[in-house]
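# What the coordinates show
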Amino acid sequence: MNYFSKIIDPERILIASDKISQTPAFVYDESAIIEKLATLSKVKKNSSCQILYSIKAAPMTGLLEMIASHVDGFSVSSLFESQIAKEIIGDSGTVHLTTPGLREDEIGSVVKYVDYISFNSLSQWQYYQGPLQKDVRGDGNRKLNCGLRINPEISFVKDERYDPCRKYSKLGVPISELENIKHLDNIQGLHLHNNCESSDYTELKQTVDHVCLLLGATLEGMQWINLGGGYFIDDEKQQYILEQIIKDLKDTYALDVFIEPGKGVVGSAGFLVSSVVDMFESGGKQIAILDTTVNHLPEVFEYQYKPEIVQENPEGNYEYRLAGCSCLSGDIFGDYRFEQVLSIGSRVIFKNVGAYMFVKANTFNGINLPAVNILKSDEELVLEKEFLYADYRGKY
Ligand SMILES: Cc1ncc(COP(=O)(O)O)c(C=O)c1O
């Protein structure tokens, strides 16, 4: 089943893009996000797990406000993410932090916003676990719930830059080192996250089976386990496997089980609308320069992949090399075919760019950041954010 096409109607995005006067601009399709959250709610209902949204994928306040009422909390990786997460979710959900970079000068602020911390290493745990068991917030009742991030030492990600279990990994305590530790003082849960863009929950099953085999006795004394993110939620068979994994964990160890997807919630809901600003021929190829750049979609350059475009048609008669407007010669999206001729002013819409793009986007060459819009379920297009010269100047 192609879940993407079931939820997202490209015609709606094309109509919405006509309402945008200034490009480039991100558009988030609210109904696509709500569908994903509805699927996650089903997983929750069938397996009694708790759903967190990993805000690093797209932390825009408008999105967080929309997502907050559908999830049990947010997962975060820094002080600023902790603060925005707590400000938005308030007391109606919990905030869960894990980071290799816990800083002593920030910890006093971090604890005001987070409810759960998963230490990334044994040294972090040794350093912070004692102090964090005290009444750190000074409000007399809310103690922090502490856990340990483990590295299950099972890799599924081919590119080691994105593999949390790569050799000499910095992410989590290697499970082989934990096996021999009999007691983890003040640790109530385990956190793991070892995949990226996977649709195959048998990989999660393999991971969890391995963890249970090596750390079953440790899990007996725990309150919770966080299975991380890194998976899409796009087919019923896979959804069933996930539910079974969660149910087995709950039946065997009576644990609260968290999952924390990011891209799986917002990735396919995000579009970048751009316009052609110049066209010319170079060495026999038609070049179309867009008013955007790979620096607005940095993972295109980072991963060296060709992003999908709403209007492309591999059978189309017209081929163009779509290039970004920065001075970098490699600022190129790729060669695409279209049914219609492109001309200056034509709209070109990138799809599937809702996660890890805007948050990593930069203003290299002084090119302004794209605005951010939400296409509401009733087709209203709401401008969430736009950037001005003052933002650029203020940054430098
Ligand atoms: C600890 C942790 N949890 C959750 C996520 C979210 O992953 P994804 O957006 O692939 O679902 C990440 C992503 O890097 C992560 O590092």
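Residues numbered from 1 in each chain as written. Predicted model: local features only at pLDDT ≥ 70, side-chain atom pairs only at ≥ 80, totals over all residues. Heavy atoms only, no water.

## Observations concerning the pairing of strand E2 (residues 50-54)
Two faces make up the sheet, and in a regular strand the side chains alternate between them. We count it as follows: The cut-offs for exposure are 20% and 50% of the maximum accessible area for each residue type, with area from a 1.4 Å probe on protein chains only; residues under the lower value are buried, those over the upper are exposed, and the others partly exposed. Here a helix means four or more residues in a row that DSSP labels H or I, a strand means two or more in a row labelled E, and each is numbered from the N terminus. A pair of strands is considered paired only if DSSP assigns at least 2 bridges between the two. With strands facing away from the observer, any crossover in which the path from the first strand over the helix to the second runs clockwise is taken as right-handed.
Burial analysis of E2 places 4 of its 5 residues in the buried class, the great majority of the element. Pairing between E2 and strand E3 (residues 73-76): 3 bridges, direction parallel. Among the inter-strand pairings, Tyr53 is bridged to a residue of E3, identified as Phe74. Once you follow E2 into helix H4 (residues 61-68) and on to E3, the crossover reads as right-handed.

## Observations concerning the domain arrangement of the protein
Stated formally: An automatic or database domain assignment is the source of the domain bounds shown. Residue contacts are counted whenever heavy atoms from the two residues lie within 4.5 Å of one another. Here the buried area means the combined drop in accessible surface, using a 1.4 Å probe, for two parts upon being joined, counting both sides. Salt-bridge detection follows one rule: a side-chain nitrogen of Lys or Arg within 4 Å of a carboxyl oxygen of Asp or Glu. What qualifies as a polar contact is a pair of N or O atoms within 3.5 Å, subject to a donor-acceptor requirement within protein and to the restriction that residues adjacent in sequence count only when both atoms come from side chains. Residues are sorted three ways: Asp, Glu, Lys and Arg are charged, Ala, Val, Leu, Ile, Met, Phe, Trp, Tyr, Cys and Pro are nonpolar, and all the rest, Gly among them, are polar.
The domains assigned to the protein are domain 1 (3-11 + 267-395) and domain 2 (48-261). Computed from C-alpha coordinates alone, the two centres of domain 1 and domain 2 are separated by 33 Å. The partner domain 2 presents 14 residues to the 11 residues of domain 1 that form the contact. Roughly 1000 Å² of surface becomes buried between domain 1 and domain 2 when both sides are summed, with 63% attributable to carbon and sulfur atoms. Summed over the shared surface of domain 1 and domain 2, the number is 0 salt bridges. Here domain 1 is connected to domain 2 by 3 residue pairs in polar contact (both at pLDDT 80 or more). By residue class, the composition of the side of domain 1 that touches domain 2 is 8 nonpolar, 1 polar and 2 charged.

## A look at the packing of helix H3 (residues 30-47) against H4
The cut-off we apply is this: In this analysis, axes come from line fits to C-alpha atoms, helices being fitted only over the stretch in contact, and the angle between any two N-to-C directions falls in the range 0 to 180 degrees. Reported orientations rely on four angle classes, namely roughly parallel under 35 degrees, roughly antiparallel over 145, roughly perpendicular from 65 to 115, and oblique for the rest. Working rule for handedness: look at the near helix, and if it is turned counterclockwise from the far one by less than a right angle, call the crossing left-handed; if clockwise, right-handed.
Two elements in contact, H3 and H4, have axes whose closest approach is 11 Å; the angle formed by their N-to-C orientations is 40°. Comparing their axes, H4 and H3 come out oblique. Like other packed secondary-structure pairs, H3 and H4 cross with a definite hand, here right-handed. Within the contact between the two elements, H3 uses Glu30, Ile33, Ile34 and Leu37 and H4 uses Leu63, Met66 and Ile67.

## Comments concerning a nonpolar patch on the surface
To keep it simple, the criterion reads: Note that patches include only residues with greater than 30% relative accessible area and no salt bridge, and the join distances are 9 Å for like charges and 5 Å for nonpolar side chains (Val, Leu, Ile, Met, Phe, Trp, Tyr). Exposure was quantified through the Shrake-Rupley algorithm and a 1.4 Å probe, taking into account, for residues, occlusion by the shown protein chains and nothing else.
Together, Phe301, Leu328 and Phe364 give the surface a local cluster of nonpolar side chains, amounting to about 250 Å² of exposed area. Tracing the sequence through the fold places Phe364 in the loop between strand E15 (347-351) and strand E16 (371-375).

## Overview of the site of the ligand
Rule in force here: In these notes, residues near a molecule or strand are those with any non-hydrogen atom within 4 Å of it.
The immediate surroundings of the ligand are formed by Ser54, Lys56, Arg149, His191, His193, Gly229, Gly230, Glu260, Pro261, Gly262, Lys263 and Tyr356. At 2.9 Å from an oxygen atom of the ligand is found a main-chain nitrogen or oxygen belonging to Gly262. In this structure, an oxygen atom belonging to the ligand sits 2.8 Å away from a main-chain N or O atom of Lys263. Relative to its unbound accessible area of 400 Å², the ligand is 86% covered by the protein chains. Looking at the shell around the ligand, its residues break down into 2 nonpolar, 6 polar and 4 charged.

## So, the nonpolar core
Burial of nonpolar side chains together is a common tendency in soluble globular proteins. As a reminder of what qualifies: To form a nonpolar core, buried Ala, Val, Leu, Ile, Met, Phe, Trp, Tyr and Cys residues must be joined to one another through side-chain atoms within 4.5 Å.
By size, the foremost hydrophobic cluster in this structure holds 101 residues, and its most contacted members are Tyr53, Phe74, Leu227 and Leu322. The element contributing the most residues to this core is helix H9 (residues 201-220), with 7 residues. Looking at which domains feed residues into this core, each of domain 1 (3-11 + 267-395) and domain 2 (48-261) supplies at least three. Discounting chain neighbours no more than four positions away, the residues touching Tyr53 are Ala58, Leu64, Ile67, Val71, Gly73, Phe74, Ser75, Pro261, Gly262, Val265 and Val266. Core analysis: the second largest hydrophobic core is formed by 12 residues, Ala16, Ile20, Ala25 and Val310 among them.

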